[in-house]
Amino acid sequence: MIYSDKERAPQVWFCGGHFINDIYTGFLNPIMPFIAEQVKISMPIATIILSCSHIFSSLLQPFFGFFADNMRKRALIFWGLICTSIFISFAPAQSNLIFMILFIMLGSLGSSLFHPQALGLISKFSTSDIVKNMGIFMACGTLGYSIGPLFSSAMAQYFGLNKMPYLALLGVCWALFMFKCVPQFSHDKKAKPHINFGKAIKEILSNHRLNILNLIAMLKSLMQTSCSILLPFLWKAEGYSKFQIGLALFTFIFLGGIASLLSPKFEHKIGTANVFYFSMITTFPLMILFMFTYKTMPVLSFVIFALMGFVTMFANPITMNMAQNVLPQYKSIIGGFINGFSWGVVAILMSMIGFAAEKISIVPVLVGISAIPALCSYLVRYLFPDNKNGNV
């Protein structure tokens, strides 16, 4: 049994909401090259648009996490999912570039509303193994994010971009069911002291372990985001269809979700530190192999790309749980940093990376990016100064 009777119902709704919300956040990457061609914008400009969407969906999460930690209402998870599902689904159908960008940003903002409160509530409603529950929650989001490219690419290829608004129904319906079924919170103000946002941010940013964990989260986000945004342009140039690109991204992120489920088990067997080392170092040789195979052995390169997804996301739930345990009074804010702020910082960098990829070419840029986590893996030792194996 995964959940106890007391925690099963809310956990199922949170995990389901995470799964569905992240379906929508995975919509745009595989079809963006074709949208860019349709509205006649270059790859760097399209990268900037996608980067801005990540900024809106990620960079504001600590701020919304502050409200989530202080409020006794469930509003953020409902309205966040509704905004994400409606605006992201309607964005590709817009013929006007300005409206398309506006809808993407509003949908991304909805995702930023949803995640911090949901991450905090996973811990709040967990009465058994929090690491396992966090792993399941994050795996559901990753699996949803993996299915998003399949949904959008299949809809775009077989029905057209103008039919994508119908996909909003799934998220709206789930949000309404969550509103009915998720328990309301206690309104006892003594149960939880008011959190000072400035003090919380100062404590978080001055904590050495949290700084390392935030950096690790950023590096893993950089790897995942760079592959998800840049490789569809490479594959389009190689002649792949919308659905083939969506299938490749699905496999990459799906295996990442499987990795999130398996990592707590591996943590108990090989130690937390070794999970980090494996996740941070292995992507570099895999990207080297991808560079030498994507033209001559496309099937093998597809398998290598899928394995990169598994490796890249292997340490995600452990990173989140460790970070929230450093300062447990700020669970939602820290959840916003690890799951949001790190992605937002990466999104800012992606605009520059897009221009670099156009000038240098995509694959060498990705090889360089994959080397950064490997080089920075030495930082893991400072997370466990008294325990080399990280058996915590």
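So, here's what we can say about the structure. (Residues numbered from 1 in each chain as written. Predicted model: local features only at pLDDT ≥ 70, side-chain atom pairs only at ≥ 80, totals over all residues. Heavy atoms only, no water.)

1. Observations concerning the packing of aromatic side chains
The way to describe two aromatic rings as a pair is by their centre distance and the angle between their planes.
At step 1: Tallied over the entire structure, the rule returns 15 aromatic pairs.
At step 2: With a centroid separation of 6.4 Å and an interplanar angle of 25°, the aromatic rings of W13 and F177 are classed as stacked. Of this pair, W13 sits in helix α1 (residues 5–25) while F177 sits in helix α8 (residues 168–181); the two residues are 164 residues apart in sequence, bridging distant segments of the chain.
At step 3: Judged by relative accessible area, W13 falls into the buried class, the value being 17%. (Phe/Tyr/Trp six-rings, centres within 6.5 Å; stacked < 30°, edge-to-face > 60°. Helix = DSSP H or I, 4+ residues; strand = E, 2+ residues; numbered from the N terminus. Buried < 20%, exposed > 50% of the residue type's maximum accessible area, 1.4 Å probe, protein only.)

2. Observations regarding the packing of helix α11 (residues 242–270) against helix α14 (residues 298–312)
At step 1: Two elements in contact, α11 and α14, have axes whose closest approach is 6 Å; the angle formed by their N-to-C orientations is 35°. In this structure, α11 meets α14 at a crossing whose hand is right-handed. Touching L247, A248, L249, T251, F252, L255, G256, I258, A259 and L262 of α11 are F302, F305, A306, L307, M308, G309 and F310, all from α14.
At step 2: In terms of residue class, the contact of α11 with α14 is built from 14 nonpolar, three polar and no charged. (Axes fitted to C-alpha atoms, helices over the stretch in contact; angles between N-to-C directions. Left-handed = near helix turned anticlockwise from the far one by under 90°. Contact = heavy atoms within 4.5 Å. Nonpolar A, V, L, I, M, F, W, Y, C, P; charged D, E, K, R; others polar.)

3. Observations regarding a nonpolar patch on the surface
At step 1: On the surface, L247, M297, V299, L300, F302, V303 and L307 cluster together into a nonpolar patch covering about 580 Å² of accessible area.
At step 2: Within the secondary structure, M297 sits in the loop between α13 (283–293) and α14. (Patch = residues over 30% accessible without salt bridge, like charges linked within 9 Å, V, L, I, M, F, W, Y side chains within 5 Å. Areas by Shrake-Rupley, 256 points an atom, 1.4 Å probe, with all protein chains shown as cover. Salt bridge = Lys/Arg side-chain N within 4 Å of Asp/Glu carboxyl O.)

4. Digging into helix α17 (residues 362–376)
Note that an α-helix has 3.6 residues per turn; residues three or four places apart therefore point the same way.
At step 1: Its 15 residues place the ends of α17 22 Å apart at the C-alpha level, agreeing with the 21 Å of an ideal helix rising 1.5 Å per residue.
At step 2: In terms of burial, α17 is largely enclosed, as eleven of its 15 residues are buried.
At step 3: By the burial criterion, the buried members of α17 are I362, V363, V365, L366, V367, I369, S370, A371, P373, A374 and C376. (Expected span 1.5 Å × (residues − 1).)

5. Structural notes on the pattern of salt bridges
At step 1: Tallied over the full model, the rule gives one salt bridge.
At step 2: Measuring nitrogen to oxygen at the nearest pair gives 3.1 Å for the salt bridge that ties K295 to E238. Within this pair, whereas K295 is found in the loop between α13 and α14, its partner E238 is found in the loop between α10 (208–237) and α11, the two being separated by 57 residues in sequence.

6. Considering the nonpolar core
At step 1: Judged by nonpolar contacts, the single largest core of 114 residues is most densely connected at F137, L231, F276, F290, F305 and I362.
At step 2: Apart from the residues lying within four places of it in its own chain, the contact partners of F290 are L231, L234, W235, S301, I304, F305, M308 and V363. (Core = buried A, V, L, I, M, F, W, Y, C linked by side-chain atoms within 4.5 Å.)

That is the geometry; function is a separate question.
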